[in-house]
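This is what each chain is made of:
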Amino acid sequence: MPLRFDLSLEDRHKDRVFVSVLLAPDQDGTAVDGVAVMLVGKTGECMSNRLLLPISGVLYQSMLTTVELRAFEALGTGARIVGTAWTGAEQWEASCPADPGTHLEDHMRGRGALQPRCDSEFEGLTCGDRSALAGVFPWLTPCEPRPPKVVEPELETATTDEIRSFCSELGLDDEDSDWLEALLEED
């Protein structure tokens, strides 16, 4: 695919949304004649004017821009942001929900949650409360990537057949396998 075209909800108000538009071409560059975005309702009805972005020409690098879409009236649930990027007869389409908190990770971590109507009804979680919840629901704790665990046979004491088998598992050709075997025989 010569162009990655994505939309992402950045912020939502009662009658408008702010959406990020990402255009990422392949290595050779991609010609883009235009990009348009708009709000649509649950049943596909237009909820805003179609906004034509001032983008035209060959893209050699990724481009990210944020635009505001104003609805004709207050936004209900189920609204979506849809976009189209085109060049000649070819076009790419993208969409994303206009409802906040629709991504599972954001929902589970409590990011982008709707604010309660009356703050006095709710109390914030203490560090102890958060730790207790993380003990029961470990996915709530941000995790850091672990380095991959590499299991290698003891090549210094391996037989020729074991070395050949290991090289085959790695997808090495005969020349590379011979080089590795010769390297291991050197002391």
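Residues numbered from 1 in each chain as written. Predicted model: local features only at pLDDT ≥ 70, side-chain atom pairs only at ≥ 80, totals over all residues. Heavy atoms only, no water.

A.B. asks: Can you help me understand the pattern of salt bridges in this one?
C.D. replies: Close approach of charged atoms lets side chains of opposite charge pair. A complete count under the given rule lists seven salt bridges for this structure. Here Arg 12 ties to Asp 99 by a salt bridge, and the two come within 2.9 Å at their closest N and O atoms. Pair noted here: Arg 12 is in strand β1 (residues 3–12) and Asp 99 is in the loop between β9 (90–97) and α1 (104–109), with a separation of 87 residues, a long-range link. When its relative accessible area of 22% is taken as the criterion, Arg 12 is described as partly exposed. Judged by relative accessible area, which is 17%, Asp 99 ranks as buried. Of the charged contacts, one joins Glu 68 and Arg 16 as a salt bridge, the two residues approaching to 3.0 Å between their closest N and O atoms. Here Glu 68, found in strand β7 (residues 63–70), pairs with Arg 16, found in strand β2 (residues 16–25); they are 52 residues apart in sequence, far enough to count as distant. Judged by its relative accessible area of 30%, Glu 68 is partly exposed. Of the residues examined, Arg 16 reaches a relative accessible area of 21% and is grouped as partly exposed. (Salt bridge = Lys/Arg side-chain N within 4 Å of Asp/Glu carboxyl O. Helix = DSSP H or I, 4+ residues; strand = E, 2+ residues; numbered from the N terminus. Buried < 20%, exposed > 50% of the residue type's maximum accessible area, 1.4 Å probe, protein only.)

A.B. asks: What am I meant to see in helix α4 (residues 174–185) here?
C.D. replies: Each full turn of the α-helix corresponds to 3.6 residues, which orients residues three or four apart in the same direction. The terminal C-alpha atoms of α4, which comprises 12 residues, lie 16 Å apart, in line with the 16 Å expected from a rise of 1.5 Å per residue. Listed in full, the buried residues belonging to α4 are Ser 177, Leu 180 and Glu 181. The arc enclosing the buried residues of α4, seen along the axis, measures out at 100°, which places them on a common side. Within α4, the exposed residues directed more than 90 degrees away from the buried face are Glu 175 and Trp 179. (Expected span 1.5 Å × (residues − 1). Arc of directions from axis to C-beta.)

A.B. asks: Before we go on, may I ask you to explain the pairing of β2 in this structure?
C.D. replies: On any regular strand, side chains alternate: one points to one face of the sheet, the next to the other face. Summarising burial for β2: eight of the 10 residues are buried, a large majority. Bridge count between β1 and β2: nine bridges; the pairing is antiparallel. When the bridges of β2 are listed, Asp 6 appears paired with Leu 22. Between β1 and β2, which pair antiparallel and follow one another directly, the connecting turn spans three residues. (Pairing = 2+ DSSP bridges.)

A.B. asks: Would you mind going over the environment of Pro 54 with me for this structure?
C.D. replies: Its location among the elements puts Pro 54 in the loop between β5 (51–53) and β6 (57–59). When the C-alpha positions of Pro 54 and Gly 34 are compared, they lie 7.2 Å apart, and in sequence the two are 20 residues distant.

A.B. asks: Looking at this structure, how should I read the confidence of the model for the protein?
C.D. replies: Low pLDDT means the predicted atomic positions in that stretch should not be read closely. On average, residues of the protein carry a pLDDT of 81, and 78% of them reach 70 or more. Within the protein, the element-level pLDDT minimum falls on α1, averaging 64, and the maximum on strand β4 (residues 34–40), averaging 95. (pLDDT = per-residue confidence, 0-100.)

A.B. asks: Would you mind going over the packing of helix α3 (residues 160–170) against α4 with me for this structure?
C.D. replies: Two quantities define a packed helix pair, namely the angle between the helix axes and the distance between the axes. It is the contact of α3 with α4, at a shortest axis distance of 10 Å, that shows an interaxial angle of 135°. Taken together, α3 and α4 sit at an angle that is classed as oblique. Handedness of the α3/α4 crossing: right-handed. Residues Thr 160, Ile 163, Arg 164 and Cys 167 of α3 form the contact with α4, whose own contacting residues are Asp 174, Ser 177, Asp 178, Leu 180, Glu 181 and Leu 184. The residue inventory of the contact of α3 with α4, partitioned by class, reads four nonpolar, two polar and four charged. (Axes fitted to C-alpha atoms, helices over the stretch in contact; angles between N-to-C directions. Parallel < 35°, antiparallel > 145°, perpendicular 65-115°, else oblique. Left-handed = near helix turned anticlockwise from the far one by under 90°. Contact = heavy atoms within 4.5 Å. Nonpolar A, V, L, I, M, F, W, Y, C, P; charged D, E, K, R; others polar.)

A.B. asks: Where do I start with the side chain of Ser 177 in this structure?
C.D. replies: In this structure, Ser 177 sits in helix α4. Apart from the residues lying within four places of it in its own chain, the contact partners of Ser 177 are Arg 164, Cys 167 and Leu 172.

A.B. asks: Please explain the sheet that holds strand β8 (residues 80–87) as it appears in this structure.
C.D. replies: With antiparallel pairing, four strands are arranged side by side in an open sheet as β5-β4-β8-β9. The two strands at the open ends of the sheet, each matched to only one other strand, are β5 and β9. Across the sheet, the mean angle from the axis of one strand to that of its neighbour is 20°, orientation sign disregarded. Pairing of β4 with β5 involves three bridges; the strand directions are antiparallel.

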